[in-house]
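This is what each chain is made of:
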Amino acid sequence: MKAIVIYKSKTGLTKKYAKWIQEELRCDLLEEKKATVKTLQGYDVIIFGSYIRVEKIWGIKKLLGQVGKEGQKKVVLFSTGSVDPVRKGTRSRQ
Ligand SMILES: Cc1cc2nc3c(=O)[nH]c(=O)nc-3n(C[C@H](O)[C@H](O)[C@H](O)COP(=O)(O)O)c2cc1C
């Protein structure tokens, strides 16, 4: 299976994680703004990482649009953020 890690990063944290994943899997790595429908067609597994801003993972809609519905691609998602989701959930229940 051919895999690629695609990342979107403003300050470099997501890029760092993307590189670690890419090194571990020994697959390709590409910045999100350079990804095209044509590029993605050559992969079976697309690992997409981005940052969270105002509780949204940025760039995910565009990426999923580029992946499309053709074929049987696997899409794996990761994100970086500064808010601890567990603590946040705890607070909101109080
Ligand atoms: C304007 C702004 C909004 C943010 N909103 C969130 C948020 O809702 N949840 C969260 O966990 N982190 C939030 N963060 C923190 C970033 O997601 C975090 O610093 C991220 O790791 C940055 O990734 P990057 O270095 O790849 O750009 C926010 C940061 C900024 C500047």
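All values reported here derive from a predicted model rather than from experimental measurement.

The rules behind each value
- Residues numbered from 1 in each chain as written.
- Predicted model: local features only at pLDDT ≥ 70, side-chain atom pairs only at ≥ 80, totals over all residues.
- Heavy atoms only, no water.
- Near = heavy atom within 4 Å.
- Polar contact = N/O pair within 3.5 Å; in protein donor to acceptor, adjacent residues only side chain to side chain.
- Areas by Shrake-Rupley, 256 points an atom, 1.4 Å probe, with all protein chains shown as cover.
- Helix = DSSP H or I, 4+ residues; strand = E, 2+ residues; numbered from the N terminus.
- Nonpolar A, V, L, I, M, F, W, Y, C, P; charged D, E, K, R; others polar.
- Buried < 20%, exposed > 50% of the residue type's maximum accessible area, 1.4 Å probe, protein only.

*Asks:* Explain the site of the ligand here, please?
*Replies:* By nearness alone, 15 residues border the ligand, and Ser-9, Lys-10, Thr-11, Thr-14 and Ile-52 come closest of all. Contacts to the ligand include Thr-14, whose side-chain N or O atom sits 2.5 Å from an oxygen atom. Within the backbone of Val-54, one N or O atom sits 3.0 Å away from a nitrogen atom of the ligand. Protein chains bury 74% of the 650 Å² of accessible surface belonging to the ligand in isolation. Secondary-structure elements contributing two or more residues to the shell around the ligand are helix H1 (13-25) and strand E3 (45-53). The residue inventory of the shell around the ligand, partitioned by class, reads five nonpolar, seven polar and three charged.

*Asks:* How should I be thinking about unusual backbone geometry in this particular structure?
*Replies:* As a rule of thumb, non-glycine residues mostly have phi less than zero, and peptide bonds are mostly trans rather than cis. Here the phi dihedral of Arg-26 falls at roughly 50 degrees; this positive angle occurs in a residue that is not glycine. Its place among the elements puts Arg-26 in the loop between H1 and strand E2 (28-31). For Arg-26, a relative accessible area of 78% puts it in the exposed group. Located in the positive-phi region is Val-54, a residue other than glycine, with phi close to 40 degrees. Within the secondary structure, Val-54 is located in the loop between E3 and strand E4 (56-57).

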